[in-house]
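Observations on the three-dimensional arrangement
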Amino acid sequence: AHTHQFLGTFGGPGNGDYRGELLRAIQVSISYATKSGLPTASMLVRLDGLYGDAAPLLDVLSAGLGVIARSRAYHLLDLEVVQQALARSPDQVSTHPESGMTRALYNCPAIPLTPTGPEIRLVVATHPVPSSPLKVGVERDDTAYELFVSTLPSPAFTASDVLDLYLHRGSFETVLADEDDEQESDRWYSHTPCGQEFAQILAQWVWNLR
């Protein structure tokens, strides 16, 4: 469930500046929370694997925002506390309703994001290695491992809740697709970057008003 609102758009050459764009998005989120009378800790920023290293996550956490992200810090699997969790039976088993993918979930409620902290929740999802090349995660001993980090508290949010919140992104991606079809806001309008960004802002303002 969401408001179908666009809060910001950031144009840039090539693949853009993902760290710089994240910092701008953080400020937009804080501004939205302030104007809406919401505590920043109640804002949950969802990030994909591009932002799955410690540095981008620290940018979000230092701003006081919540986060849920796919992590690519696979060295966390070697931590003793994670190895102990993996040696036990899974906390939950989750089957995706559309893809049919079944994952065993292991909940690690307090894992140091860096050697000096802070601590963050880690959910490890495992499944057999597929016949096709592995697109996400890492393979170890014929098992695929996916990592998800979050500030969502346990046990209020189960490991399955964390996974579902991360994976269930289709509800807003259909809105993105509709906006692309109706306004073509991702095509190049301008001869200058600032003109392009202005065109995108106008398109999204019009979308929000409609």
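As a reminder, the structure under discussion sits directly above these lines.
All figures in this text were calculated on a predicted structure; none of them were measured in a lab. The residue count restarts for each chain, going from 1 along the sequence in the order it is written. Two thresholds apply to this predicted model, a pLDDT of at least 70 for residue-level local features and 80 or more for giving and counting side-chain atom pairs, whereas whole-chain, interface and lining totals are computed over all residues. Note that water and hydrogens are dropped before the side-chain values are worked out from all heavy atoms of the structure.

This next bit is on empty space enclosed by the protein. Cavities and pockets are found on a 1 Å grid laid over the protein atoms alone: a cavity is a set of points where a 1.4 Å probe fits but cannot escape, a pocket is an open set with protein on both sides within 12 Å along at least five of seven lines, and a lining residue has an atom within 4 Å of such a point. Grid points are joined across faces, edges and corners, and a volume is the space filled by probe spheres set on the points. Per the stated rule, a full pass over the model turns up 1 cavity of 30 Å³ or more. What lines the largest cavity is Ser 94, Thr 95, His 96, Met 101, Arg 103, Leu 163, Asp 164 and Leu 167. Elements are defined by DSSP. Helices are runs of H or I of four residues or more, strands are runs of E of two residues or more, and each kind is numbered from the N terminus. Within the residue set of the lining of the largest cavity, elements represented by two or more residues are β3 (92-95) and α4 (159-167). In terms of residue class, the lining of the largest cavity is made up of 3 nonpolar, 3 polar and 2 charged. Nonpolar residues are Ala, Val, Leu, Ile, Met, Phe, Trp, Tyr, Cys and Pro. Charged residues are Asp, Glu, Lys and Arg, and all others, Gly as well, are polar.

Right, let's get into the pattern of salt bridges. Whenever Lys or Arg places a side-chain nitrogen within 4 Å of a carboxyl oxygen from Asp or Glu, that contact is recorded as a salt bridge. One pass over the full model with this rule turns up 6 salt bridges. Residues Arg 24 and Glu 197 are paired through a salt bridge, measuring 2.8 Å at the closest nitrogen-oxygen approach. Of the two residues, Arg 24 sits in helix α1 (residues 18-36) while Glu 197 sits in helix α6 (residues 193-209), which places them 173 residues apart along the sequence. Note that Arg 70 and Glu 146 form a salt bridge whose closest N and O atoms lie 2.7 Å from each other. In this pair, Arg 70 is assigned in strand β2 (residues 66-71) and Glu 146 in strand β7 (residues 143-150), connecting sequence segments 76 residues apart. Grouping residues by exposure puts Arg 70 and Glu 146 together as buried. The network of salt bridges with common partners includes Arg 70, Arg 103 and Glu 146. The rule is simple: take the accessible area with a 1.4 Å probe, protein chains only, and divide by the maximum for that residue type; under 20% is buried, over 50% is exposed, in between is partly exposed.

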